[in-house]
Amino acid sequence: ESSTYARFVVSQLTDDERQALRGRYRAERDKRLRADGNNQYLEATGRYANLLDDPYTPVVSRAPLHTDVQVLVIGAGFGGLVIGARLKQAGISDVRLIDKAGDVGGVWYWNRYPGAMCDTAAMVYLPLLEETGTVPSAKYVAAPEIHAHAQRIADTFDLRRDALLSTGVESIMWDESLSRYIVHTDRGDVLRAKYVCTSTGPLHLPKLPGIPGIHSFAGHAFHTSRWDYAYTGGDAKGAPMTGLANKRVGIIGTGATAVQCIPHLSRSAGELFVFQRTPSSIDVRNNHEIDPQWFAELEPGWQRKWMTNFTVLQTLGFAEEDLVKDGWTDISIRIRDRMVELVKAGKSLGPETLLQAYEESDDEKMNEVRSRVDAIVGDERTADALKPWYRQLCKRPCFHDEYLQSFNNPNTHLIDTDGKGVERIDEHGAWVQGVHYPLDCLIIASGFEVGTSYSRRSGFDIAGRNGIALSEYWGNGMRSMHGIHVREFPNLFVIGFTQGANQIANVPQNYVENGLAIADIIAHAEANDMRQVEPTQTAQDDWLTFITSNKRGLRGNPDCTPGYYNNEGKPMSQSDTFNGSGHPGGPVAFFEFLDAWRQTGEFAGLTFTK
Ligand code: NDP
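These numbers come from a predicted model, not from an experiment. (Residues numbered from 1 in each chain as written. Predicted model: local features only at pLDDT ≥ 70, side-chain atom pairs only at ≥ 80, totals over all residues. Heavy atoms only, no water.)

**Remarks on the site of the ligand**
Move 1: Taken together, 26 residues are adjacent to the ligand, and D119, T257, T278, K395 and Y564 come closest.
Move 2: Within the backbone of T254, one N or O atom sits 2.9 Å away from an oxygen atom of the ligand.
Move 3: Interatomic distance of 3.3 Å between a backbone N/O atom of G255 and an oxygen atom of the ligand.
Move 4: Here the shell around the ligand gets three residues from one element, more than from any other, and that element is helix 8 (residues 256–268).
Move 5: Split by residue class, the shell around the ligand holds 13 nonpolar, nine polar and four charged. (Near = heavy atom within 4 Å. Polar contact = N/O pair within 3.5 Å; in protein donor to acceptor, adjacent residues only side chain to side chain. Helix = DSSP H or I, 4+ residues; strand = E, 2+ residues; numbered from the N terminus. Nonpolar A, V, L, I, M, F, W, Y, C, P; charged D, E, K, R; others polar.)

As structure tokens, then:
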């Protein structure tokens, strides 16, 4: 398996073989294209309404709060926690986090399914390791350790004391006369916040697969982001799920979540039925423990260096060494080195050569991924059905060393739907190609809403100056400066990655870098007794023009098999283009730009008002 990480060797595929491969990819995509695109998914209502409840922390009654807040941070996941930490570092003490969840942690609070782990190396994924004096236990760490790290950030920066947990924001309205946002919550609170930071996350609202009859299922059912250990037994650390011993368990979906929990289900369930619409690409994991002695010798400032190194390599740049050295950097180093080979052979340094380098490296990589299935899975038919026929970056790449092996267990059955999905569900189970599979328990691993509107996903809208709703203002796509500031919404800071770095393989890097700028801006406004800060119209318009000149990026390709990476195969509208744009120079260029921008202390493009 270590050969997967061999440096690029020029692929042996002939032109005819490459054409045949492309034909197969197109055929597999065409099987999966559907007219309803994103609309195929269902909201968790009716029989599934309680799927959105918090199963982990009882809601404790408390008196509603009526108070002023200097900075209100909506969302207590890594985004909110890092912003909170950065504000505290900048000397802002009145910071209040608010979250629907009963504790901090965001996705790492909600996702407690067995096997949950982060595919991005802990050294770069876990934010503020140096600031919190934390040593990750392994190259990739499991969800409980990640959640504990979120709690550690909250405690280190004293963010828990004032946090409003088990509390959902219902509305936010700018009051010009007070220069404050008036925030109402589902616990009756009325908060008057001078600054609001929204960090509601990109993938947090569970969605249901649009399968006819899904509401009629009479057995036990839950979504992976609300794992029901009371029913299954076991725990988030991977203890055997004794409750499933005699059960017929079905799981719908084979994305990054399912890939991680299926090995555990396979060990515990009486019979396991994996309903597959599209197989994921499963590359090697190669996890290992971190040696604390090696870690202790890292120089101060190491984490920023590691994050930058990862991102430079991951975006086809050059670095002296590959510090993280994993499946993410492997993909991009192959493309980059192939590009170098092609240019040396006389090709021009442009998008066409990049596309050729990408496709040739990808052909090689995906052939390895498919060969790995053959090497691991005993049954030939099952192995064939588990092979992905698309380019690796069409869908979220997965990395696992036990998933494919699960299909060698006699109790584990792959029910491949040939790209069509489960036909229908009835009271007793699921139907695929005319065959009925009776089930006691249905586990829904169909992911989260991505392509729907910001206000639908966050559960609240924001009214800015003159009452304009953010949903309306962004009706034709997000409009911002740096992905952070929005005209007509003074003192609002959007925490994310869109229209900024767009660094998605290591999302927290966006937070640690953007957080430095946001904390500096608020500290500057406070030190100078400013009431408001807002981007000028020109600065925002210029930023949008700049980022939409972005022609980088190999994802979002309509030739890909559908998924949330390419808007379910639908052409991108202008608003999708806005939403998916980032700095044309890529994430590292954005972070360097933002750092230099904030360090001038001038904050060009923002207007501060007394
Ligand atoms: P995904 O959206 O990635 O996967 C959903 C799955 O459900 C797909 O396999 C999809 O098939 C399948 N599906 C949807 N509708 C049907 C249907 N009608 N019949 C059968 N199957 C259906 O969700 P995940 O929760 O797996 O992952 C979401 C994201 O969360 C990941 O992409 C990743 O970014 C993140 N994540 C990260 C992890 C990490 O390690 N850091 C771990 C887990 C998740 P199809 O492909 O055909 O659409």
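There is more to say after this.
**Observations regarding the nonpolar core**
Move 1: Among the nonpolar cores identified, the biggest contains 128 residues, and F78, I251, F275 and F493 are the most heavily contacted of them.
Move 2: Excluding anything up to four places from it in sequence, I251 contacts A258, C261, I262, L265, L272, F273, V274, F275, I443 and A445.
Move 3: In terms of nonpolar packing, the next biggest core, distinct from the first, is built from 23 residues, L72, L164, L191 and V196 among them. (Core = buried A, V, L, I, M, F, W, Y, C linked by side-chain atoms within 4.5 Å. Buried < 20%, exposed > 50% of the residue type's maximum accessible area, 1.4 Å probe, protein only. Contact = heavy atoms within 4.5 Å.)

**Some words on the side chain of N411**
Move 1: By the secondary structure assignment, N411 is in the loop between helix 14 (403–406) and strand 11 (412–416).
Move 2: Within the structure, the side chain of N411 is placed 2.8 Å from the side chain of T412, a separation counted as a polar contact.

**Some remarks on the packing of aromatic side chains**
Move 1: Within the structure shown, the criterion is met by 23 aromatic pairs.
Move 2: When the centroid spacing of 5.7 Å and the interplanar angle of 75 degrees are considered together, the rings of F275 and Y437 count as edge-to-face. Here the residue F275 occupies a position in strand 8 (residues 271–276), and Y437 occupies one in strand 14 (residues 435–438), the gap between them amounting to 162 residues. One exposure class covers both F275 and Y437, and it is buried.
Move 3: Geometrically, the ring pair formed by F603 and F608 is tilted, given 5.9 Å between the ring centres and 55 degrees between the ring planes. Accessibility assignment for this pair places F603 and F608 in one class, buried. (Phe/Tyr/Trp six-rings, centres within 6.5 Å; stacked < 30°, edge-to-face > 60°.)

**Description of helix 11 (residues 327–344)**
Move 1: Between the first and last C-alpha of helix 11 there are 26 Å, a value that for 18 residues agrees with the 26 Å anticipated at 1.5 Å per step.
Move 2: For helix 11, the buried fraction is high: 14 of the 18 residues fall into the buried class.
Move 3: With a side-chain oxygen lying 3.0 Å from the backbone nitrogen of W328, the N-terminal cap of helix 11 falls on D326.
Move 4: Of the residues one or two after helix 11, G346 is the one with positive phi, at around 110 degrees. (Expected span 1.5 Å × (residues − 1).)

**Re the sheet that holds strand 12 (residues 424–426)**
Move 1: The strand order across the open sheet formed by three strands is 12-13-14, and the pairing between neighbours is antiparallel. The outermost strands of the open sheet, each flanked by one partner alone, are strand 12 and strand 14. Between one strand axis and the next, the sheet turns through 25 degrees on average, direction left out of account. (Pairing = 2+ DSSP bridges. Axes fitted to C-alpha atoms, helices over the stretch in contact; angles between N-to-C directions.)

**Concerning the pattern of salt bridges**
Move 1: Counted according to the given criterion, the structure contains 39 salt bridges.
Move 2: With a closest N to O distance of 3.8 Å, R391 and E359 form a salt bridge. With a gap of 32 residues between them, R391 in the loop between helix 13 (380–385) and strand 10 (398–399) and E359 in helix 12 (residues 351–376) connect regions that are remote in the sequence. Here R391 matches E359 in class, with each residue buried. (Salt bridge = Lys/Arg side-chain N within 4 Å of Asp/Glu carboxyl O.)

**What to know about unusual backbone geometry**
Move 1: Although it is not a glycine, E488 adopts a positive phi angle of roughly 75 degrees.
Move 2: Turning to its location among the elements, E488 is positioned in the loop between helix 16 (470–473) and strand 17 (492–494).
Move 3: We classify E488 as partly exposed; its relative accessible area is 23%.
Move 4: For F603, which is not glycine, the phi dihedral falls at a positive 50 degrees.
Move 5: Looking at F603, the relative accessible area reads 3%, which means it is buried.

**What about helix 8?**
Move 1: Where helix 8 bends most, the angle comes to about 35 degrees, and this point is I262, followed within four residues by the proline P263.
Move 2: Taking burial as the measure, the 13 residues of helix 8 include 11 buried ones, the bulk of the element.
Move 3: If you check which residues of helix 8 are buried, you get T257, A258, V259, Q260, C261, I262, P263, H264, L265, S266 and S268. (Bend = angle between axes of the 7 residues up to and from the residue.)

**Considerations on the sheet that holds strand 6 (residues 220–223)**
Strand pairing in a sheet relies on backbone hydrogen bonds, with the paired strands running either antiparallel or parallel.
Move 1: Pairing within the open sheet is parallel, and its five strands lie in the order 6-15-7-8-11. What marks the edges here is a single partner per strand, and that holds for strand 6 and strand 11. In this sheet, adjacent strand axes meet at a mean angle of 20 degrees when their direction is disregarded.

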